[in-house]
Amino acid sequence: MRKIPFSVQILAGLVLGVALGFLARAGDLSWLASTLDTAGDLFVQLLKLAVPPLVFTAIVVSVVSLRGVANAARLAWKTLLWFGATALIAVGVGIGLGLLTNPGRGVSLDTGTAAAPQRTGSWTDFLTGIVPTNPVGAFVEGNVLQIVFLALVVGAAALLAGEVAEPFVAVNRSLLAIVQKALWWVIRLAPIGTLGLIGNAVASYGWDLLAPLARFTTAVYVGCAIVLLVVYPALLVIAGRLNPLRFFAGAWPAIQLAFVSRSSVGTMPVTQRSVERLGVPREYASFAVPFGATTKMDGCAAIYPALAAIFVAQVFGVHLSVTDYLLIAFVSVVGSAATAGLTGAIVMLTLTLSTLGLPLAGAGLLLAIDPILDMIRTATNVAGQALVPTIVAAREGTLDRAAYDSAGRRDLTDTDEPARPARHAELEPVPA
């Protein structure tokens, strides 16, 4: 299998999964559908199993690694600025597409039977949910946002403590290396996971379910495609003076895995390696990618909530004003961390609906097709998480242009290549 490129293995799993899914649905083969579901679920569970230690150790090590780097604060600030700017563009695309397509107009759905999801979002829960009441509980519950908060605090404390904290940092480096190695074993199972996830989706969701929501589903996919294939390439060319084709060649394994796994955090190891292969310095990538995996959600937190809010308003006959559209943009830019890199975007959607005063039961109308929508949303999320560090590094003059130009020419799972050494000098601006 190692002689077959990883991307080809994923594609083969995708094609075979679609075929088996159609077979299971057409032949009403419940055993086949159940087998596909189990294979997909096990793959996602294995990915998520290592998420808490991976996120914590990666951020702690990356924060400490920034010791002595003169432009560390500027890098962090510019990363946040680009996160916000690209989210604003993405939500603009979502609103514009919603006004153009009117996805909820003429839709015949029984709104009386729709119920609000059990898991909803509010600004109070979002703000208070950042700080854990019990640090152990954050890891047990897998609350990624709280783990990020703990890791940032611990990493900053270790950085300021200096030499006395080196044993603790060394333990985190070792644990990070172990978790990453184990995760790469799991990621090599991605073709099987792809087969199961896609096959189960095809077996579970037929056109009879998608038909009433076909316009909305199409709008979500078109919106994400516009951001992926128009907005991101334009930003690469204009802001980074970079060839978009090389970017997608390097980031494609992460985008592909995100599409089938539906988890930004679960895809994070592949995203980070892709970003490093694109020439982004390791110290910066190890900070920007884990942070982006929990807060940078152009698909789930920008395009989708904008379209969904317009859809729900039209289904329930509620008129949205200019102020409401501005509120959608505000919620998308400021509240995107509410998604926390987990599968699905229900929390972000309910946060948007509650801010606009729309019925939360409207989110229940979209729950049935959420897995189908979540594939393209997550792929867009991950592409953005790889895009921002690449652009920031290019603008700072720290991007390895030779590595960028050769991105995608080697298999991402080829671990025989020695890792590029982490050098603080890589983060220093290149003289003009």
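See above for the structure.
It should be emphasised that the depicted structure is a prediction, and the values quoted were computed from it without experimental measurement. (Residues numbered from 1 in each chain as written. Predicted model: local features only at pLDDT ≥ 70, side-chain atom pairs only at ≥ 80, totals over all residues. Heavy atoms only, no water.)

Asks: What's the story with the packing of aromatic side chains in this structure? I'm lost.
Replies: Between two aromatic rings, the relevant description is the distance of the centres plus the angle of the planes. Using the criterion set out here, one finds six aromatic pairs in the structure. Pairing Phe 216 with Phe 311 gives two aromatic rings, centres 5.0 Å apart and planes at 45°, and the pair type is tilted. Of this pair, Phe 216 sits in helix H11 (residues 214–240) while Phe 311 is found in helix H15 (residues 299–315), placing the two residues 95 residues apart along the sequence. Across the pair, exposure class does not vary: Phe 216 and Phe 311 are buried alike. Ring plane angle 75° and centroid distance 5.3 Å describe the contact between Phe 247 and Phe 248, whose orientation is recorded as edge-to-face. By relative accessible area, Phe 247 is classed as buried at 0%. By way of ring pairs, the aromatic residues Phe 83, Phe 287 and Phe 291 are connected into one cluster. (Phe/Tyr/Trp six-rings, centres within 6.5 Å; stacked < 30°, edge-to-face > 60°. Helix = DSSP H or I, 4+ residues; strand = E, 2+ residues; numbered from the N terminus. Buried < 20%, exposed > 50% of the residue type's maximum accessible area, 1.4 Å probe, protein only.)

Asks: When you look at the nonpolar core in this model, what are you seeing that I'm missing?
Replies: In globular proteins that are soluble, nonpolar side chains generally tend to be buried together. Core analysis: the largest hydrophobic core is formed by 114 residues, its most contacted members being Val 55, Phe 216 and Phe 247. Among the elements that take part in this core, helix H19 (residues 370–396) stands out by supplying 14 residues, more than any other. Apart from the residues lying within four places of it in its own chain, the contact partners of Phe 216 are Pro 103, Tyr 304, Leu 307, Ala 308, Phe 311, Leu 366, Ile 369 and Leu 373. With six residues, the next largest nonpolar core counts Met 297, Cys 300, Val 331 and Met 348 among its residues. (Core = buried A, V, L, I, M, F, W, Y, C linked by side-chain atoms within 4.5 Å. Contact = heavy atoms within 4.5 Å.)

Asks: It is not clear to me how the side chain of Thr 194 should be interpreted in this structure. Could you clarify?
Replies: Considering the arrangement of structural elements, one finds Thr 194 in helix H9 (residues 190–204). Taking the relative accessible area as the measure of exposure, Thr 194 reaches 0% and is therefore buried.

Asks: For this particular structure, what's the right way to read the pattern of salt bridges?
Replies: A side chain of one charge can pair with a side chain of the opposite charge if their charged atoms are brought near each other. Going through the model one piece at a time under the given rule, you end up with six salt bridges. The salt bridge involving Glu 166 is made with Arg 173; its shortest N-O contact spans 3.9 Å. What makes Arg 173 partly exposed here is its relative accessible area of 36%. Notably, a salt bridge pairs Asp 298 with Lys 296, separated by 2.8 Å at the nearest N-O pair. For the pair shown, Asp 298 and Lys 296 are each scored as buried. Connected through salt bridges with shared partners, the residues Arg 74, Lys 78 and Glu 396 form a single ionic network. (Salt bridge = Lys/Arg side-chain N within 4 Å of Asp/Glu carboxyl O.)

Asks: Can you walk me through the packing of helix H12 (residues 244–261) against helix H13 (residues 264–277) in this structure?
Replies: Between two packed helices, the angle of one axis relative to the other and the distance separating the axes together describe the packing. As a packed pair, H12 and H13 sit with axes 8 Å apart at the nearest point and diverge in direction by 170°. Taken together, the axes of H12 and H13 are roughly antiparallel relative to one another. Seen from above, H12 lies across H13 with left-handed handedness. Every residue of H13 that contacts H12 at Gly 250, Ala 251, Pro 253, Ala 254, Leu 257, Ala 258 and Ser 261 is listed here: Thr 267, Val 270, Thr 271 and Ser 274. Class assignment for the residues of the contact of H12 with H13 results in six nonpolar, five polar and no charged. (Axes fitted to C-alpha atoms, helices over the stretch in contact; angles between N-to-C directions. Parallel < 35°, antiparallel > 145°, perpendicular 65-115°, else oblique. Left-handed = near helix turned anticlockwise from the far one by under 90°. Nonpolar A, V, L, I, M, F, W, Y, C, P; charged D, E, K, R; others polar.)

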